[in-house]
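Each chain, letter by letter, is given below.
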Amino acid sequence: MNIEPLDLLRSNLSRVRIPEPTNRIFKNECCVSFDTPRSEGGLFIDLYTFLAFGKDYVGWNYEKTGNPVYLHIKQTKKLVPEDRPSKKPTLLAIGVDGGFDNNEVEYEETHSIVILPEYVSLPFPSVELPEKVRLAVDAILLADGAERKEQLAAWTADKKQVSPYAMNLQQIDNSVVIPPSGWKCSKCDKTDNLWLNLTDGMILCGRKNWDGSGGNNHAIEHYEQTRYPLAVKLGTITADLEAADVFSYPEGDSVLDPQLAQHLAFFGIDFSSLQKTEMTTAERELDQNTNFDWNRIQESGQEVDPIFGPGYTGLVNIGNSCYMAATMQVVFSTRSFISRYYLNQSLKKAFEVSPADPTVDLNMQLTKLGHGLLSGKYSVPASENDEKANLATSTTTAKQEGIRPHMFKAVIAASHPEFSSVRQQDALEFFLHFLDQVERGHVGKTELDPARCFKFGIEDRILCSSGKVAYNRRHDYILSLNIPLHEATNKEELESFHKLKAEKLAEGMEMTGDEIVRPRVPLEACLANFSAPEEIHDFYSTALKTKTTALKTAGLTSFPDYLVLHMRRFVMETGWVPKKLDVYVDVPDIIDISHMRSKGHQAGEELLPDGVPNEEDSNKPLANEEIVSQLVSMGFNHLHCQKAAINTSNVGVEEAMNWLLSHMDDPDIDIPISEGHGKETSNFDQSKVDTLISFGFQEDIARKALKASGGDIEKATDWIFSNPDASVSSMDATTSNDTSIPNDVGLPDGGGRYRLIGVVSHSGTSTQCGHYVAHILKDGRWVIFNDDKVGASINPPKEMGYLYFYERLDG
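Residues numbered from 1 in each chain as written. Predicted model: local features only at pLDDT ≥ 70, side-chain atom pairs only at ≥ 80, totals over all residues. Heavy atoms only, no water.

Caption draft 1: Spatial organisation of the environment of E447. When you line up the elements, E447 lands in the loop between α17 (427–440) and β11 (456–463). Take E447: its relative accessible area is 59%, and that puts it in the exposed class. (Helix = DSSP H or I, 4+ residues; strand = E, 2+ residues; numbered from the N terminus. Buried < 20%, exposed > 50% of the residue type's maximum accessible area, 1.4 Å probe, protein only.)

The following block contains the structure:
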């Protein structure tokens, strides 16, 4: 008996809901695949759960839930003129307003109501449809999709903010009148990159860049001396005051100054007559990212042949998401992740075991991502996805549509707010967070955990000055390496370059990109630096029952299937700003790290006794006796000299003497050190601790660094970078028998020979800006993955890598 479509719909109205404002509505992408309304079969939205499914997958949802009524959305591409002009980017971003133009085309959209399992279709809009259905569909079509809402929320925080310092800025009348041109730094001869302090009218040069260009730091040094908070960059002031580059030193960011007109008028500046002659900070950063590094990493200017098919699917940039795209392309080139989420798990199986909302299930979204990247379904030339009506006038292009990892990003970012934003992120931090989430998802079933392919053991051997040893073990996913610049192999070329650079700077000329010579450091030197002995100060010895200096060496207790090397290309420069080392690392295709395997406890070695540091002993400060003896020989009191050495962290005689001369009259100067004086060295201004935490360091490390550097923030940051493995616990390591020490049971292990299979490169001044690109060895050739652009690499920038992925060669 045939039932009329409308009667069939009315009989299923109980499975139709009108969405509430709080409901998440998915209408842009399938929950289990990357099908969209633009795909051949369109998209089906469940009118009860508001989840979306592609044509090949909506039947699975009907089988699982019994929900029969769906809104079908189909989008068909409109033809657009081929000569549509591209807009100049104003943001260092891709795929967002103001960023690099993706030239996205427009689509026409049609709707219908479909009832499963027979796929009975009714047109929409139609007055014959039940009111409940019409209201439900109208609400879905009017609502922002869940993906769009998340994007909008993420972007809100990135707008330039009004500075609180601008509203009540006190300006000093120094009778200063700023001319409309001819500016010069008050402390040097710089005539560009000049900043006008809005409090006192001083004109000073900006920060020195990591390559020696830029200013001489006079503007920020003036702030550090005066604490005058706001400065505007001369040459960026025009009639459009909002476009002027105003920088707030306390906030460490570019800001808006609503009172800028009157603040400028105070110094006689008529902004309406000024012309733009300088780039803003953001524009300069954008410009720097179109220079040699940017072009080299992306292989710009090279005739890169596009590649399509399984394993060659691009990831569309969904707003500064290149850090994620580059990382996941390499991850899904490993056998472990290919097996776990593609070969050994179908989309249907993942959907069947997923919760009611598969969009929040990491297993489902990783399986979806794996099938999207590896199946080849979405890796076809763009024109092949056009409707037949458009094929007559379209041509095949090198660009593929790729896939948009919105749902995966939402899931992986749920426990990390920064990754849910559209700000650029550190690819290393994302990689470690991702592996942590994968590992958590396999608790109780570690044999299935693909993240284990990256995991290995590290053993630190600590030789105490007593002659006894301790062994500390830990597990890690990456081997983080310093780049020893003093091991550069092109020192003569560098010396000639620096001479030429000095000559050109003296003549007021700048170096061209072709003239720049960068240090070249062999990867072998970086690996040797990791294994080299390192002194540990303030090591508490249970044998000596006091703090002493120990010697630490590190080795690997297991060799992972895939070894990830992280190059520490970022250091702290003047003003505590992270800067990038301009250095090449010569990386061989094959490495052998067999010599880095830890030997473990050796016969004849005596272990440090078990125990924990005595609270009184561990807190008792120790003065450097050499410093003390020199001060005593000058006629100072022995106790006073000890205190001077302690309170300057044993830095040196001169520092201790300066402290002594300024504290001779302290009321507690004669109180013995044992009576509570020791705690003094750990008490620092909380703002200093907070400053280091804002740089991304842990609080215990921040306090340890401040203690080791006498409370000096800049020295503390240097100390942290010089002691990358430092932690409060490692400084007080005492035993090799701790039950909490991880063992290597279940970790992959094998020989020490590895082949390079992937490089994640970064272009930009810091990890928080710029662009990431992946180069991967596939089918015997190097391939560039630059967001949704995939092609045969002609000259992979191996020397510029940030993360290197090596695959172990068994046998």
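Caption draft 2: Structural context of the packing of aromatic side chains. Per the stated rule, a full pass over the model turns up 21 aromatic pairs. Pairing W195 with F247 gives two aromatic rings, centres 6.4 Å apart and planes at 75°, and the pair type is edge-to-face. Taken together, the residues W195 in strand β6 (residues 194–197) and F247 in strand β9 (residues 246–248) connect sequence positions 52 residues apart. Here the aromatic residues Y323, F332, F337, Y341, F408, F430, F431, F434, F454, Y562 and F805 are joined through ring pairs into a cluster of three or more. (Phe/Tyr/Trp six-rings, centres within 6.5 Å; stacked < 30°, edge-to-face > 60°.)

Caption draft 3: Fine view of the sheet that holds strand β10 (residues 253–255). Strand order in the open sheet formed by five strands is β7-β6-β8-β9-β10, and the pairing between neighbours is antiparallel. Each edge of the open sheet carries a strand with a single partner, namely β7 (203–205) and β10. Geometrically, the sheet is characterised by an average inter-axis angle of 40° between neighbouring strands, direction not taken into account. Alignment of strand β8 (residues 230–233) against β9, held across three bridges, turns out to be antiparallel. (Pairing = 2+ DSSP bridges. Axes fitted to C-alpha atoms, helices over the stretch in contact; angles between N-to-C directions.)

Caption draft 4: Focus on helix α23 (residues 653–662). Every buried residue belonging to α23 is among V653, A656, W659 and L660, and all of these are buried. The arc enclosing the buried residues of α23, seen along the axis, measures out at 130°, which places them on a common side. Turned more than 90 degrees away from the buried face of α23, the exposed residues are E654, L661 and S662. Packed against the buried residues of α23 are α21 (625–633) and α22 (638–647). (Arc of directions from axis to C-beta. Contact = heavy atoms within 4.5 Å.)

Caption draft 5: Focus on the pairing of strand β15 (residues 534–541). Two strands pair when backbone bridges link them, and β15 and strand β16 (residues 546–556) are joined in this way by six bridges, in the antiparallel orientation. Along β16, the bridge assignment pairs S541 with T546.

Caption draft 6: Seen up close, the packing of α21 against α23. The geometry of α21 relative to α23 is characterised by a closest axis approach of 10 Å and an angle of 55° between their N-to-C directions. By the angle class used here, α21 and α23 are oblique. Where α21 crosses over α23, the two elements pack in a sense that is right-handed. Residues I627, Q630 and L631 of α21 touch α23, and the partners they reach there are V653, A656 and M657. The residue inventory of the contact of α21 with α23, partitioned by class, reads five nonpolar, one polar and no charged. (Parallel < 35°, antiparallel > 145°, perpendicular 65-115°, else oblique. Left-handed = near helix turned anticlockwise from the far one by under 90°. Nonpolar A, V, L, I, M, F, W, Y, C, P; charged D, E, K, R; others polar.)

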